[in-house]
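What follows is the residue order along each chain.
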Amino acid sequence: MALEKAISDLVELFLSYADGDGKLSQDELKKMLEKEIENPEVKEKMTKGDCDKIFGKMDKNCSGQIEFREFVMCVGKMLKCHYHKKTGRVQDDDGGCQQACK
């Protein structure tokens, strides 16, 4: 099933960068973003400062690492924003789509 594959791929993506400890460090997140973002426009605009901001927004419990739960929350928000962009259906509570991991 396509949905099961998408879920499996996201879990594998996280684990492949988490170095076996089940959490992403700031450097691991930066590597993931640099390697896995394929859109050339997004890639071109991304700076180290952007990676730092993304990390800060994802690290909800301020542990200095991104836990899987935090990663899933961010991916969920990105999915929601992608849906709204594709369908044109934007809801009042979606002001954070410019900063999906808010």
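Above this text sits the structure in question.
What counts and how
- Residues numbered from 1 in each chain as written.
- Predicted model: local features only at pLDDT ≥ 70, side-chain atom pairs only at ≥ 80, totals over all residues.
- Heavy atoms only, no water.
- Buried < 20%, exposed > 50% of the residue type's maximum accessible area, 1.4 Å probe, protein only.
- Helix = DSSP H or I, 4+ residues; strand = E, 2+ residues; numbered from the N terminus.
- Arc of directions from axis to C-beta.
- Contact = heavy atoms within 4.5 Å.
- Phe/Tyr/Trp six-rings, centres within 6.5 Å; stacked < 30°, edge-to-face > 60°.

Asks: Describe helix α4 (residues 48–58), listing the residues and the values that go with them.
Replies: Listed in full, the buried residues belonging to α4 are C51, F55 and M58. All buried residues of α4 lie within an arc of 70° about the axis, which places them on one face of the element. Close packing links the buried residues of α4 with β1 (23–24), α2 (26–36), β2 (66–67) and α5 (68–87).

Asks: Mind laying out the environment of M32, listing which residues take part and the relevant values?
Replies: One can find M32 in helix α2. Taking the relative accessible area as the measure of exposure, M32 reaches 5% and is therefore buried. Excluding residues that lie within four positions of it along the chain, M32 makes contacts with L13, F14, Y17, L24, I37 and F71.

Asks: Now, about the packing of aromatic side chains: what can you tell me, with residues and values included?
Replies: A complete count under the given rule lists three aromatic pairs for this structure. The interplanar angle of 45° and the centroid separation of 5.1 Å between the aromatic rings of F14 and F71 together place this pair among those described as tilted. Residue F14 is located in helix α1 (residues 2–17), and its partner F71 is located in helix α5; the two are separated by 57 residues in the primary sequence. In this pair, the class of F14 matches that of F71, namely buried. Residue classification places F71 among the buried positions, given a relative accessible area of 6%. Connected via pairs of aromatic rings, a cluster forms that spans F14, F68 and F71.

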